[in-house]
Amino acid sequence: MESNKKYWKGLEELQKTPEFVENNKNEFSEDLPIEEVLNGAGLSTATPRRDFLKALGFGLGAVSLAACQKAPVIKSIPYLVKPEEVVPGIPNYYVSTFNGQSILVKTREGRPIKIEGNPAGLLGNGGTDAQAQASVLDLYDVSKLRGPKLNGANARWSSVDSFVRGELNKIQAGGKKIRIVSSTVNSPSTKSVVADFVAKYPNTKHINIDAVSYTGIIKANGNSFGKAVLPRYRFDNADVIVSFDADFLGTWITPEEYTKQWVSNRNAKSLASKKMSRHIQFETGMSLTGTNADSRIPVKPSEAGLAVVALYNAITGTVLPGTQPLSNNVIADKAVKLAAKELVAAKGRALVVAGSNDVSTQIIVNAINSALGSYGTTIDLDNPSNQYLGNDAEIVEFVAEMNRGEVDAVFFLNTNPAYDYINPKAFTDALAKVKLKVSFSDREDETASLCNVIAINHNYLESWGDQNAFEGYYSVVQPTINPVNDSRQAEESLLTWIDAPVKDYYQYVRTGWEKTVLAATGKTWKDVLQTGFIFTGAKPASAYTFNFDLSPVVASVVNQSKTLAKDIELQVYESVSMRDGKHANNAFLQELPDPVSKVTWDNYVSIAPKFAEKIGVTEFDLVEVKAANGYSVVLPVLVQPGQAQGTVSIAVGYGRTKAGKAGNNVGKNAYPFITLSNGTKQYTSTVTISKTGDTYELAQTQTHHSFEGRNIIRETTFKEYAKNPGAGSGKKIDSKEYDLWNDHDKPGHNWVMAIDLNACTGCGSCIVACNVENNVPVVGRDEVRRRREMHWLRIDRYYSFVEEGKSLSEESEINNLENLDNVTVVHQPMLCQHCDHAPCETVCPVLATVHSSDGLNHMAYNRCVGTRYCANNCPYKVRRFNWFNYWNDSRFDNYLNNEFTQLVLNPDVTTRFRGVMEKCSMCIQRIQAGRLTAKIEKRKLKDGEIKMACQQACTANAIIFGDANDPDSEVSKALKNERTYYVLEELNVQPGVGYQVKVRNTVEA
Amino acid sequence: MRRISLTFKSFVKSSLLFLSLSFACSSVSYAQSAAEGVTLFKQKCTSCHALNQKVVGPALKGVNDRHKEEFLLKWIKNSQALVAAGNPEAVKLFNENNKVAMTPFPELTDDNIKSILAYIKEGDKPAAGAAGGVEGGQGAQAKDEVSDVMLGSIVVIILIALGVVLVLNRVIKSLEKVSLKKQGLLEEEEIVAAEPGVPAYKKLLKNKKFVFFVVLLLVIFLGSAGWMGMWNTGVHTGYQPEQPIKFSHQLHAGINKIDCQYCHSGAYKSKNASIPSLNVCMNCHNYVTASDKYNGQTSPEIMKIYKALDYNPDTKKYGDNPKPVEWVRIHNLPDFAYFNHSQHVKVAGVACQKCHGPVQTMQEIYQYSPLTMKWCINCHRETEVKYKGNAYYDNMIAAHDKIKKGEKVTAAVMGGTECGKCHY
């Protein structure tokens, strides 16, 4: 099938608004004031002779002074005693753990500069998420405290210790409660420290609270099967996946692991064996997972529960008492029945997940999965996940305890309830009644600023520790740098305050491991420090059957639905880039565009186009969103195709007020919209929306380039693919090709890249990996609005329609559509294509960009004079112009404008000066380093030895890089794939990056 | 007019004198070192011995009086053989020194050892002489032959120009004389010339040709100086900052022949050759204190190492207040140029001296090469790639052979002059 589907990047492109057409005429959003200079007073005023002479004299003087400049005195300070393993200029890699995932930390001269996934790790396939990639920047955050604080003043550790000890002893004598409040702790050593603390002060209780919790699933499993755990889902075993609002590729529980599993049934290897899973998504807002689903059906939050019940009915062929029909959403009703058929057909290889935190909904999901025989195959309850252990009821009880004055001491570890509790005000008021408040935060955040003591904790890159992300999977956290600030590890602080016999936390962790995991597996501590983790083996996952009466549960779901079905329904969600807001001060994450809306630096009210029209709001209108509980925020509107009608979505993680320079007052806090129902947090609510009359322009990256309807995206369906693997890749026009340029000889290597659009989920971790690796600066909200973001690699998101199972190709048909609900999305990573006949090269007047003998398009920054002709001539719009010295300009005081944070820069890559073009270099520093290693070892370069930063970060393995001159290389094989096409190949610029057609497993077509 | 030519003559004379002087200066060659013993002593003995101080072995002053020469010859070549053979003198000596065996030196000839003994007998006197001689040889003469040739040719051109001007002057003068004579005005002219009280320089200033010539010379001189200045902005050839420790490469690399990579171990494996950390210094300077030069005291420069490490040479213990040494970087490549030592040293096998100059003769290091891009590129264009025996290059050489048979495979041919290979 030749794709003649119409794609569009955003609504403005679809509707061809005059502003959009005007804006896209030009390469750069703002004209340089050349006209002004030429027509205004600029040239007509004669320069007086004296001024001319002054300028001339100054110029000459300055030049001669510059010429007299002596060699600068640059100090070179070697080690006094060099550690044996450190060679300046050569990176060292250490294993560690970030959020349960085993990682490698690349250090240069003793400072961590890059995070990479542990290729052997069990969670990420060697890839990582954007948070892990960006986390290295948190180490060099200047907004952190330099030392501990006692009662608001800087203090010494000794005085902090004696204060806390004294207070604790008094509290112990008083007999009131002590609470340790933390986000989920799955570290065996930390747990043991807490246990030691409890032993010394028996009034202590440890509470796990998660800003975004999974209590609903845990409780439901407790009710249904007597196992109150978060199961391990196995998307790799599922042929049919139905998800209700669970963004499992973006944010849900452990998205990296799920991406790895999900992609294994959809990647090139799976397609070659004619296998592809089918994924149906019912959801409110357009999530990353929704964009990747084969079929996506928008449902309101009030309908989601009903749809789950309807699915149960359709699968079991019964009608549960009290069932409400999905009468308001005919499409969803139809889709549920179709999904049920497919699920039943795939019994034992089917999986249904729901993102809802409602226990009743989750119990029905359990019943469905039990009916489908998922337990033991696609759901593993015997090797549960420990990533989220929080119990929503506990934090509520804790606030009540404080309110009643029963709590005398509280310790906050890696948690910030003053920001992310559902009612921050109630929490703050209650906390004021506590005598001893200790925070282990590394900065004076919302909660820490209310505490007597801030016992600043190490960054995870400075810490020892361990984690146990799921049953049997133990990974180690090891420091890669000496503590930068006068911080102390939280566990060590606790050990000090209880006067434990072993206060050194390293000893503590090591002894703990040697006694337990190491003793059980016969491995040594050194083994762990080399491999990063120990997997003690999975228990066999057994089948569980659900046999309870569902009628009370259905009643609860229906009830819930009724309360929601009024006004405008609100869905609160985690955004892929900001997640729960803990890393809000990370500029890399703030500038990572949302995978769907492409908005940076803000949260917003997502609203469907048709519904926006109905309530009379347009894009960027500032609206007041008011919830039933009285909380209201003013946020800009973002018109989002695919959003369910009658609903709005707002992301949490924004609106921090005490995060630091970059993160303060970015967006608004959406946590207070979360309501509590049946003992769990509900991420849905009802709101009213009123226009304020103002507008606010969101900084989006998506509308910055137009593609004029060219055939850039190619996709097909699995059915077509099965008939003809080359389907949709575009016909080869049978004509003679003429080249204007001479061919380049590539005697050695020919570096090329293959990107599988069917594997790419669009998550964006490659973007952050590229930023960190290549010192790509963060430009800030205003500059993004001016289309000046510097990302070398972007992920383009294209919309198209599916209406009644047909792709729409005619513009008139699109205009006639009632609403824009049924959009499908394709993500396309776009980076310099390293064309063999690069149009940019021919227009550079100073030969700053030239071709190399190994197929790369080189960019010599120091030669560039900034004419920007190359960017104008680039058909892919991947060249970025550097408008400012972002690392040394007080106007861009986001993060890099200080010597400390600059330590995060990759020393092998220059920081570009303002006024030059830059673009993807194909990580040439990595190519050169890899070649050099081979040369030194006098051997041939191995395929896969050199990895691009983006490739390395990709859990889905969507990006393959290698040498096209080697016929056996992975990339050569990938490019020989029938699905391969080149973007704009009709221009005959001969790009070096090949894409593989997106395949959608749609049933109807 | 005669006066003018006289002035020119003296100018030419003085400049010739200056030139010959400067040539003489640069051709000073330092005297052949007579004291072979000093060199040998430094190479072989100083890691365990000093003249006036016990280090590992005993102080050597007066060793000629304590032992007979035949004994010493045998002992130095292989002391343990003597001990094992039961030589009473040897056994006694061995026991006196806590039974620490002395390294055997079978490679030393009798004459070698005699010269060492002679040096020990002479004591400090010849050492001071030798050191003085060595120091005379250093200095930052521009060893750039190209610039010498250019300077010479410029001088020659100026001289020729002067000659032409002089000849033309003569011709013009005689022609003027002839014409004046014809007009009968010569007498008057001579009177004017002989007129007293008019200073010579005023006359010179009135001579338009002279003024023009001087201005021309000035313009040429300033213009070329400016041009050269502009070109060499940021080029710091000869840059020789003062270092915190007066470390002599001449002594370490030249006389003691320590391999460059012993200290600059990064050069083989990393982009940085790296300045050695002080524990590398201490490998030798734990014992070597150069006390023979400082009346039995440890050399003040070596003391700086001890101080930096907070090391007490008497107790041989390290304190806990070390302070790193802040060397001044000499070779400053701009940030936008990536350079990797291991590529050049390990893969290409380029000798350190190719870029760093005769380090083994430098008392203090200075920048030898201009480190300009032109300089890099020239070398890449000329240097053949060492591809033999390196499997990495196999494919490339095979492909290359097809394209350009028989031509030299230089770094440039391999893509070594492409922008992105160094600028990223």
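Computed from a predicted model, the values in this text were never measured in an experiment.

Colleague: Which residues make up the domain arrangement of chain A, and what are the values?
Modeller: Residue and element names in this part refer to chain A. What the domain assignment reports for chain A is domain 1 (11-16 + 748-1000), domain 2 (149-208 + 390-470 + 472-535), domain 3 (215-385) and domain 4 (566-700). For domain 1 versus domain 4, the distance between C-alpha centres works out to 30 Å. Contacts between the two partners involve 24 residues from domain 1, matched on the other side by 23 residues from domain 4. Listed by contribution, the elements that provide at least two residues to the side of domain 1 that touches domain 4 are helix H27 (765-773), helix H28 (781-785), strand E33 (794-803) and strand E35 (823-830). The element that contributes the greatest number of residues to the side of domain 1 that touches domain 4 is H27, accounting for four residues. Of the residues in the side of domain 1 that touches domain 4, the class split is twelve nonpolar, six polar and six charged.

Colleague: Residue-level account of the sheet that holds strand E16 (residues 436-439) of chain A, with values.
Modeller: Residues and elements named next belong to chain A. Taken in spatial order, the seven strands make up an open sheet running E6-E5-E17-E16-E15-E7-E8, and their pairing is mixed. Pairing within the sheet leaves two strands with one partner each, and these edge strands are strand E6 (153-154) and strand E8 (204-208). With two bridges joining them, strand E5 (residues 149-150) and strand E17 (residues 453-454) adopt antiparallel strand pairing. Residue lysine 149 lies in a different strand from E17, and its bridge partner there is isoleucine 454. Across the sheet, helix H7 (residues 157-174) touches E5, strand E7 (177-182), strand E15 (407-413), E16 and E17, and the angle it forms with E15 is around 135°.

Colleague: Can you lay out the nonpolar core for me, pointing to particular residues and giving the numbers?
Modeller: Counting residues in hydrophobic clusters, the biggest one holds 289 residues, and the most contacted among them are Ala307(A), Leu311(A) and Ile364(A). For this core, the element with the most residues is helix H13 (residues 301-316) of chain A, which contributes ten residues. Excluding its chain neighbours within four sequence positions, the residues that come into contact with Ile364(A) are Val308(A), Val309(A), Tyr312(A), Leu550(A), Val553(A) and Val557(A). Core analysis: the second largest hydrophobic core is formed by 17 residues, Leu51(B), Val83(B), Phe94(B) and Ile120(B) among them.

Colleague: For helix H6 (residues 130-139) of chain A, give the residues involved together with the corresponding values.
Modeller: Counting buried positions along H6(A) yields ten of ten residues, so the element is predominantly enclosed. Each element contacted by the buried residues of H6(A) is listed here: strand E2 (92-98), strand E3 (101-108), strand E4 (111-117), helix H24 (587-590), H27 and helix H33 (949-953) of chain A.

Colleague: Summarise the UniProt feature "transmembrane region" (unreviewed entry) in chain B; cite the residues concerned and give the values.
Modeller: Residue and element names in this part refer to chain B. As annotated by UniProt and renumbered to match this structure, "transmembrane region" (unreviewed entry) occupies residues 149-172 and 210-231. Secondary structure across residues 149-172 comprises 100% helix and 0% strand; the distance between its end C-alpha atoms is 34 Å. Taken end to end, residues 210-231 has its terminal C-alpha atoms 31 Å apart, with 100% of it in helix and 0% in strand.

Colleague: So what's going on with the interface of chain A and chain B? Residues and values would help.
Modeller: Listed by partner, the interface residues are 45 residues for chain A and 50 residues for chain B. Contributions of two or more residues to the side of chain A that touches chain B are made by helix H5 (49-68), strand E1 (75-76) and helix H32 (924-936) of chain A. With six residues, H32(A) is the largest single contributor of residues to the side of chain A that touches chain B. For the side of chain A that touches chain B, a count of residues per class yields 25 nonpolar, ten polar and ten charged.

Colleague: Tell me about the sheet that holds strand E11 (residues 278-283) of chain A, and name the residues and values.
Modeller: All names here are of chain A. Here we have four strands laid out as an open sheet, ordered E12-E11-E10-E13, and parallel in their pairing. Every other strand in the sheet has two partners, leaving strand E12 (295-298) and strand E13 (350-354) as the edge strands with one partner each. Between one strand and the next, the sheet's axes are offset by a mean angle of 10°, whatever the strand orientation. Strand direction decides the pairing type here: strand E10 (residues 240-244) and E11, joined by five bridges, are parallel. Bridge pairing in E11 links valine 240 to arginine 278.

Colleague: Tell me about the packing of helix H15 (residues 359-371) of chain A against helix H23 (residues 551-564) of chain A, and name the residues and values.
Modeller: A pair of packed helices can be characterised by two numbers: the angle between their axes and the separation between those axes. Residues and elements named next belong to chain A. Where H15 contacts H23, the axes come no closer than 8 Å and their chain directions differ by 130°. When the axis of H15 is compared with that of H23, the two are oblique. Crossing handedness for the pair H15 and H23: left-handed. Taking contact as the criterion, the partners of Ser360, Thr361, Ile363 and Ile364 in H15 are, on H23, Val553, Ser556 and Val557. Its residues assigned to classes, the contact of H15 with H23 comprises four nonpolar, three polar and no charged.

Colleague: How would you summarise the confidence of the model for chain B if you had to cite specific residues and measurements?
Modeller: Residue and element names in this part refer to chain B. Here chain B averages 77 in pLDDT, and 80% of its residues register 70 or above. Contacts from residues 126-145, a stretch scored under 50 in pLDDT, to residues over four places away or in other chains number 21 contacts. This complex was scored by the predictor with a pTM of 0.83 and an ipTM of 0.83.

Colleague: Please give an account of the packing of helix H8 (residues 188-200) of chain A against helix H19 (residues 490-497) of chain A that cites residues and values.
Modeller: All names here are of chain A. H19 packs onto H8 with a crossing angle of 20° between their chain directions and a minimal axis gap of 10 Å. Here H8 is positioned roughly parallel relative to H19, judged by the angle of their axes. Viewed along their axes, H8 and H19 form a crossing whose handedness is left-handed. Within the contact between the two elements, H8 uses Ser189, Thr190, Val193 and Phe197 and H19 uses Glu491, Leu494 and Leu495. Class assignment of the residues belonging to the contact of H8 with H19 gives a composition of four nonpolar, two polar and one charged.

Basis of the calculations
- Residues numbered from 1 in each chain as written.
- Chains lettered and ligands numbered in written order.
- Predicted model: local features only at pLDDT ≥ 70, side-chain atom pairs only at ≥ 80, totals over all residues.
- Domains from an automatic or database assignment.
- Contact = placed C-beta atoms within 7 Å.
- Helix = DSSP H or I, 4+ residues; strand = E, 2+ residues; numbered from the N terminus.
- Nonpolar A, V, L, I, M, F, W, Y, C, P; charged D, E, K, R; others polar.
- Pairing = 2+ DSSP bridges.
- Axes fitted to C-alpha atoms, helices over the stretch in contact; angles between N-to-C directions.
- Core = buried A, V, L, I, M, F, W, Y, C linked by C-beta atoms within 7 Å.
- Buried ≥ 20, exposed ≤ 12 C-beta atoms within 10 Å, placed from the backbone.
- UniProt positions renumbered as here; feature names shortened; annotations may be inferred.
- Parallel < 35°, antiparallel > 145°, perpendicular 65-115°, else oblique.
- Left-handed = near helix turned anticlockwise from the far one by under 90°.
- pLDDT = per-residue confidence, 0-100.

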